[in-house]
Structure formats: C-alpha cells, structure tokens
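This is what each chain is made of:
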Amino acid sequence: MTDLPTIIARKEGRAGWITLNRPKALNALDYEMSMGIENALLAWRDDPEVAVVIIDGAGERAFCAGGDIAKIYHMGLQGDFTTGPTFWREEYRMNATVAEYRKPIVAFMQGFVMGGGVGVGSHAAHRIVGDTTQIAMPETGIGLIPDVGGTMILAKAPGRVGEYLGVTGTRIGAADAIYTGFADLYVPEAEWEALKLALCETGDPGVLPKGIVPPKAGYLHDQRPVIDAAFAGATVPEIMQALAGMEGDFAADTLAILRRNSALSEEATLRLIRMTRQSPDIRTALENEFRFTLRAAKDGDFLEGIRAQIIDKDRNPRWKYTHETLSEAVVAAMLEPVPGEWKIPFED
C-alpha cells in the first residue's frame with residue numbers, strides 16, 4: 001500500500017504489515033513515520049482482507065530507539081517552540097490509534113525499544129520480546145518526561161516499580177519487560193520470521209506461543225522491597241533521602257542516577273505517573289503528558305538535555321534547577337492544563 005524510505009506498509013496474506021525502516025538511525029521515529037503508521041492503520045481498520053497487523057523494525061539493533069528529536073532542538077534554538085509540540089501531538093494521536101485498534105496488532109520488539117518505540121510497540125495487543133530486547137523510557141536524562149502513553153504503562157506496573165523506571169530511565173530486558181507490563185510474550189528471535197509468516201497465513205494471533213520463559217531472569221521482582229520503600233516518597237528529594245539511608249549497591253546506584261538527571265523532569269515524571277494512576281487509560285496519559293512536552297523546549301530542560309546527550313555529546317548537562325532550587329511553582333506550571341491556543345491530541 002505504501003512504500004516510503006522510512007516506513008514500509010503492505011498487505012501480506014491476512015495481515016497488514018508495517019516495518020519501521022531506518023536501521024542506520026535505529027529506526028528512530030520522525031513525523032513522517034508517525035503519520036505513515038497511523039495512515040496504514042486507518043486504511044486497514046475496515047479492510048476485510050486484513051485480520052491482523054504486524055509491526056516490526058528493520059535491522060537487528062533496534063525496533064525503535066526513540067524519536068528523531070534533533071530537528072526540535074535546532075528549531076528551538078531559533079525560537080521556534082511549535083515544531084516539537086506539533087510533532088508530539090500527531091505522535092500521541094498515533095499512539096492512541098495503536099492502543100485502541102479494534103483488530104489485533106502484534107509487535108516484534110528486538111534490540112533497543114525506547115521512548116517513541118514504546119509508544120508504537122508497547123500499546124499493541126500482543127507485544128513480543130526476545131533476548132536482545134532492551135526497553136527504557138530514558139527521558140529524564142534529556143530533560144523530558146516518559147511520554148507516548150508511557151506513564152500509563154508505568155502507572156500499572158507492580159508496586160512503585162513504575163516510579164522507579166520512569167524517574168531513573170533504567171533499561172530492562174525481556175523478563176522485566178513482561179513483569180512490568182511493557183510486553184506480553186517472550187519468543188526466541190530465531191523463531192520470529194516463521195511466526196510472522198504464520199500470522200500472514202492465518203490472520204490469527206492464536207498461533208503465538210505462550211508460556212516460554214526468558215532464559216535470563218529479571219531483577220525488579222527481587223528489588224521490589226527497596227523500590228517500594230524508597231519510591232513511596234511524595235517527592236524526589238524524599239525518595240533520595242530514603243535511598244541515602246539504605247544499604248547496598250542498588251540504592252547507591254539509583255541515588256546517583258537521580259542526582260544526575262534533570263530535577264524538573266524527575267519531579268514532573270513522578271507526579272504524572274501518579275496522576276495517570278488515578279485514571280490509567282491511554283487518552284488520559286497522553287493528555288497529561290502533553291502538558292509537559294508542550295512546554296519542554298521553551299520552559300524546561302529539553303534543549304540543554306539534547307545538547308549534552310545528542311548534539312555535543314559531552315554528557316554534562318547544565319540543568320536549570322537542582323533538587324534544592326526547584327520550586328513547587330515551577331513544577332506546577334509545567335503541568336498546567338493545555339492552554340486554549342493548543343488543542344489536545346484528540347481534538348480535530
């Protein structure tokens with residue numbers, strides 16, 4: 001149906017098949033790719049020939065390692081603070097389309113699955129991971145917050161694990177991805193191609209194997225007592241104080257991460273996860289997240305985070321605030337409802 005350089009969407013047997021096709025860029029999602037995914041899904045929604053949708057990524061290194069955000073950075077430097085929100089608004093609409101799709105979507109998530117990749121793959125009805133899978137929402141390290149509906153997944157994770165993953169941006173493998181709700185099934189990656197062909201032939205997700213246990217165990221279940229105790233804190237400074245009083249490498253390593261990332265992004269992430277937990281549906285999550293991302297380039301740490309991590313790569317961001325100087329008023333302003341001149345992602 002569609003064959004663009006960065007996305008391939010076609011019908012194969014009983015399946016609609018979307019491949020993210022920027023392997024040299026780790027299939028990072030840009031505006032055209034977001035629109036291509038949504039357009040394909042809308043075209044197949046009422047197509048009787050399509051019984052199931054497959055989404056995968058080209059190459060072995062990544063399903064999708066996030067969003068292509070360099071353009072947002074450069075436009076922000078020029079005083080253009082509309083490019084980012086325009087991209088995020090359209091991306092969030094696509095995320096909701098995936099999450100609410102009436103036909104089963106099967107996502108095959110190898111390698112890096114970060115940020116925007118979570119928004120494509122982890123909202124599918126059937127989410128498959130393998131031995132190379134590394135899932136993360138690392139946005140607090142670039143002055144953003146876990147978005148693309150990520151706060152909904154984090155809000156539903158066991159105990160306070162969602163707060164831990166969201167605030168720290170820690171990567172997790174297949175076993176922990178299933179434990180936390182970012183994925184459903186582990187399948188050895190050598191079997192994926194045959195499984196995709198079976199889906200095309202049958203149009204039936206019932207061919208997906210069940211009950212295969214990842215050979216490498218996760219660690220989050222064993223760390224739950226520490227995570228739940230520390231991340232019950234009302235604020236990030238309270239969490240840091242709790243971690244400082246705990247013994248062991250896990251608490252010390254977690255505390256070091258909290259000291260390194262954006263204090264503003266961490267505090268907003270903590271609040272967003274808890275806001276969404278009160279009503280954990282995809283549209284609530286995306287609307288809440290848009291409150292922050294709408295303001296991230298102009299008023300937050302986003303431009304500095306991108307400079308330090310992606311542009312100059314000095315890994316030495318100079319954040320606007322520390323945990324000691326960040327005020328309640330600043331955090332509250334970043335999470336104010338979307339102003340009237342901007343439509344929320346689901347308004348026409």
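Predicted, not measured: the structure shown is a model, and the values here were computed from it. (Residues numbered from 1 in each chain as written. Predicted model: local features only at pLDDT ≥ 70, side-chain atom pairs only at ≥ 80, totals over all residues. Heavy atoms only, no water.)

**What to know about the packing of aromatic side chains**
Under the counting rule described, the total for this entry stands at six aromatic pairs. Between Trp 88 and Phe 302, the aromatic rings sit 5.5 Å apart at their centres with planes inclined by 70 degrees, giving edge-to-face as the arrangement. With Trp 88 in helix H3 (residues 83-99) and Phe 302 in helix H15 (residues 302-311), this residue pair connects regions lying 214 residues apart in the sequence. In this pair, the class of Trp 88 matches that of Phe 302, namely buried. Both rings, one in Tyr 164 and one in Phe 250, keep their centres 5.4 Å apart while their planes meet at 40 degrees; by these two values the pair is tilted. On the criterion of sequence distance, the pair formed by Tyr 164 in helix H6 (residues 161-168) and Phe 250 in helix H11 (residues 249-260) is long-range, its members being 86 residues apart. (Phe/Tyr/Trp six-rings, centres within 6.5 Å; stacked < 30°, edge-to-face > 60°. Helix = DSSP H or I, 4+ residues; strand = E, 2+ residues; numbered from the N terminus. Buried < 20%, exposed > 50% of the residue type's maximum accessible area, 1.4 Å probe, protein only.)

**Topic: the nonpolar core**
Ranked by size, the top nonpolar core spans 88 residues in total, and within it Ile 18, Ile 37, Val 53, Ile 135, Phe 182, Phe 292 and Phe 302 carry the most contacts. Setting aside its immediate chain neighbours within four residues, Ile 135 contacts Met 109, Val 113, Val 118, Val 129, Thr 170, Arg 171, Ile 172, Ala 177 and Phe 182. Formed by 14 residues, the second largest nonpolar core is a distinct cluster that contains Ala 15, Val 52, Val 187 and Leu 195. (Core = buried A, V, L, I, M, F, W, Y, C linked by side-chain atoms within 4.5 Å. Contact = heavy atoms within 4.5 Å.)

**Points about the packing of helix H2 (residues 70-77) against H15**
Running from N to C, H2 and H15 point in directions that differ by 125 degrees, and their axes come no closer than 10 Å. Considering the angle they form, H2 stands oblique to H15. As H2 runs across H15, the sense of the crossing is left-handed. Residues Ile 72, Tyr 73, His 74, Gly 76 and Leu 77 of H2 pack against Phe 302, Leu 303, Ile 306, Arg 307 and Ile 311 of H15. (Axes fitted to C-alpha atoms, helices over the stretch in contact; angles between N-to-C directions. Parallel < 35°, antiparallel > 145°, perpendicular 65-115°, else oblique. Left-handed = near helix turned anticlockwise from the far one by under 90°.)

**Side note on the layout of surface pockets**
Approximately 1,000 Å³ is the volume attributed to the largest pocket. Lining the largest pocket we find 37 residues, and of these Ala 65, Met 114, Pro 138, Ile 142 and Ile 310 sit closest to its centre. For the lining of the largest pocket, the secondary structure elements donating two or more residues are H3, strand S7 (112-114), H11 and H15. (1 Å grid on protein atoms, 1.4 Å probe; cavity = no way out; pocket = protein on both sides within 12 Å on 5 of 7 lines; lining within 4 Å. Points joined across faces, edges and corners; volume = space filled by probe spheres on them.)

**Observations concerning the side chain of Thr 168**
Along the chain, the position of Thr 168 falls in helix H6. In this structure Thr 168 comes out as buried when scored by relative accessible area, which is 7%. If we skip the residues at most four places from it in the chain, Thr 168 touches Thr 140, Phe 231, Thr 254, Ile 257, Leu 258 and Asn 261.

**Some points on the pattern of salt bridges**
Applying the stated criterion across every chain yields a total of 20 salt bridges. Between Asp 30 and Arg 22 there is a salt bridge; the shortest N-O distance is 4.0 Å. Summarising the burial analysis for this pair, Asp 30 and Arg 22 share the class buried. In this structure, the salt-bridge partner of Arg 277 is Glu 163, at a minimum N-O distance of 2.9 Å. Here Glu 163 lies in helix H6 and Arg 277 lies in helix H12 (residues 263-277), a separation of 114 residues in the sequence. Sharing partners across several salt bridges, the network here consists of Glu 38, Arg 89, Glu 90 and Arg 93. (Salt bridge = Lys/Arg side-chain N within 4 Å of Asp/Glu carboxyl O.)

**Structural notes on the pairing of strand S4 (residues 52-57)**
Within S4, six of the six residues are buried, which leaves the element mostly enclosed by the surrounding structure. Residues Val 52, Ile 54 and Asp 56 of S4 are buried on one face, and the alternating residues Val 53, Ile 55 and Gly 57, pointing to the opposite face, are buried as well. In this fold, the crossover linking strand S3 (residues 15-20) to S4 by way of helix H1 (residues 31-44) has right-handed handedness. The pairing of S4 with strand S6 (residues 105-109) spans three bridges and is classified as parallel. The partner of Val 53 across the bridge, within S6, is Ile 105. (Right-handed = clockwise from strand over helix to strand, strands pointing away. Pairing = 2+ DSSP bridges.)

**Quick notes on the packing of H6 against H12**
Running from amino to carboxyl end, H6 crosses H12 at an angle of 145 degrees, the nearest separation of the two axes being 9 Å. As for how H6 packs across H12, the hand of that crossing is right-handed. Each of Gly 162, Glu 163, Gly 166 and Val 167 in H6 lies in contact with H12, whose residues at this interface are Glu 266, Thr 269, Leu 270, Ile 273, Arg 274 and Arg 277. A per-class count over the contact of H6 with H12 returns three nonpolar, three polar and four charged. (Nonpolar A, V, L, I, M, F, W, Y, C, P; charged D, E, K, R; others polar.)

**Topic: H11**
Under the 1.5 Å per step criterion, the end-to-end length of H11 is 17 Å for twelve residues, consistent within 8% with the ideal 16 Å. Within the span of H11, buried status applies to Phe 250, Ala 251, Thr 254, Leu 255, Ile 257 and Leu 258. Taken down its axis, H11 places every buried residue within 160 degrees of arc, on the same side. Opposite the buried face of H11, at more than 90 degrees from it, the exposed residues are Asp 249, Arg 259 and Arg 260. On the buried face of H11, the contacting elements are H6, helix H9 (220-230), helix H10 (236-244) and H12. (Expected span 1.5 Å × (residues − 1). Arc of directions from axis to C-beta.)

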